[in-house]
Every structure is written in C-alpha cells, then in structure tokens.
Amino acid sequence: MNSQSSLGFVLTTNPNPNTNNKGRKRILDLGNGSEVIYISRFLPFDESRKWLDYLNMEMPWTRPSIRVFGRSCTQPRDTCYIASEGLPELRYSGYTPCVYSWDNYPPLKTILDAVHEALPGSSFNSLLLNRYQSGSDYVAWHSDDEKLYGPTPEIASVSFGCEREFLLKKKPSKALPAQSTSSRLKGKAADHHSFMLKHGSLLVMRGYTQRDWVHSVPKRAKAGAFRINLTFRNVMT
Ligand SMILES: O=C(O)CCC(=O)C(=O)O
Ligand SMILES: [Fe+2]
C-alpha cells in the first residue's frame, strides 16, 4: 500500500512498523581498505517523513553556480551547508557555500546523535544537505576527497523521500599495468556497486573509498522523485 505525503509524492508504507528493527545492516568490503555500510531502516519511517517536511520547509536551500571542467553551470540539485564554528571553509567545484549553524536547526542534532550512536568512534562536525526536486536532479560522478576531510574520510549519508539509486565505481588504477581483457571482465562485477537508498536509510563510506572510488546519484526517468539527503562529514582541525 502507498500513501501520499504533503509534498505530493508517494512513499511506500513502512513494510515493518516495528521501529526497533533497523533492518539489515549490509557491510560491503570494497577491498584495499575501502568499505561501505548500508542500513535500510535506520530511522523510524513516520519520524523520517516529518523530518523530510521540516528540512524541505526550514532549510535555507540554494541552487548555486559551480564550475565543471572550466565551465560555469547551475548545480543540478539544491544544497545547504551546516558546520560547527571555527572550521576551515569548504570549497568544491569553485563554490564556497555559506555556513549555517547547527543551533538554528535542532532536528539536525537529533539525526546527528542517531548517526553517532550507530557509528561508535565517529565525530561529525559538518553537514552538506542535498535536495533533489525531481528525477532530473542528480549528482555526477565524484569523490568527496577535499583535503579538509583528511586521507580516509568517513561520510555518513541519511536519505529521506523517494528512493534513488546510488552508484559506486572504482577509479582506474594508475599504479597497476593495463589488465588483459579476460582479467578486466573477471574483475568487472567488483568494480561497480549499486544501492537503492530508501527513505530513512543510512549509507556510510569509509577508509579509502574517496581515494579509490567515485560515486553518483544518476537522473531518474520517472517523475516525482523528490528526495533530501544529508551527508555528515568531519572537517579536520
Ligand atoms: O545524494 C546522495 O545520496 C549523495 C550525495 C553526495 O554524494 C554528496 O553530497 O557528496
Ligand atoms: Fe558525494
């Protein structure tokens, strides 16, 4: 059964209303010290719907101009940046986002607490939010390898709204000699991974994932793909 949210899109009814059940935790070893964790039912379904509405209405969204391969273009999704005081500024694709404070958005702290609890030893001090207004909004292949996150950043990504596909692709290896066709084919399956990021889910990239892999959320043909994504990060101090 489906139900309509106030945002005019359809969410599948919670398949498991037991909020103590976080669903399956999938740990994917990408090799060479890179790892992805995926928890499908990380946050309670109905609370996540409230957070989706809150984030949509309350965050100071902007759709900035960025530079890609030397050309200026409009970023194909809305964005907003939260960070603790006194951190070095974030700059990506020629764009320096305006910094907003955690204190003005208490629900973000509640979500951050849940993420910290799920990831013992983690400590996030910044958050980049993305809003995909439709299936034509996307994020192109990239890695979050800005120096301010250090050599092995842990990035925790919480999703609300419509499911979107999250793709991971291994970067071409510079160090290794060109592989034969047969070994390339053999290795092919392990060089690409895909996750359907569900409403209320958590996906974590850690280790050398940003150094050795790129990720993307491609366009989706189907209309009505409204989604908000939160990526918690730790800026080194
Ligand atoms: O929307 C997503 O799931 C991914 C967003 C992302 O890769 C980013 O903000 O760097
Ligand atoms: Fe990213």
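For the structure, check the block above.
Throughout what follows, the structure given in this document is the object of discussion. (Residues numbered from 1 in each chain as written. Chains lettered and ligands numbered in written order. Predicted model: local features only at pLDDT ≥ 70, side-chain atom pairs only at ≥ 80, totals over all residues. Heavy atoms only, no water.)

Thoughts on helix α1 (residues 45-58)
Phase 1 of the analysis: With 14 residues, α1 extends 20 Å from end C-alpha to end C-alpha; this agrees with the ideal 20 Å at 1.5 Å per step.
Phase 2 of the analysis: When α1 is considered as a whole, its buried residues turn out to be Phe 45, Ser 48, Arg 49, Trp 51, Leu 52, Leu 55 and Asn 56. An end-on view of α1 places all buried positions within 160° of arc, on one side of the element. Turned more than 90 degrees off the buried face of α1, the exposed positions are Asp 46, Lys 50 and Met 57. (Helix = DSSP H or I, 4+ residues; strand = E, 2+ residues; numbered from the N terminus. Expected span 1.5 Å × (residues − 1). Buried < 20%, exposed > 50% of the residue type's maximum accessible area, 1.4 Å probe, protein only. Arc of directions from axis to C-beta.)

Let's talk about the pattern of salt bridges
Phase 1 of the analysis: Using the criterion set out here, one finds 10 salt bridges in the structure.
Phase 2 of the analysis: The partner of Arg 63 in a salt bridge is Asp 78, with the nearest N and O atoms 2.8 Å apart. Here Asp 78 lies in strand β7 (residues 78-83) and Arg 63 lies in the loop between α1 and β5 (65-68), a separation of 15 residues in the sequence.
Phase 3 of the analysis: Overall, the relative accessible area of 32% leaves Arg 63 in the partly exposed class.
Phase 4 of the analysis: Salt-bridge contacts for Asp 145 lead to Lys 171; the nearest nitrogen and oxygen are separated by 3.9 Å. (Salt bridge = Lys/Arg side-chain N within 4 Å of Asp/Glu carboxyl O.)

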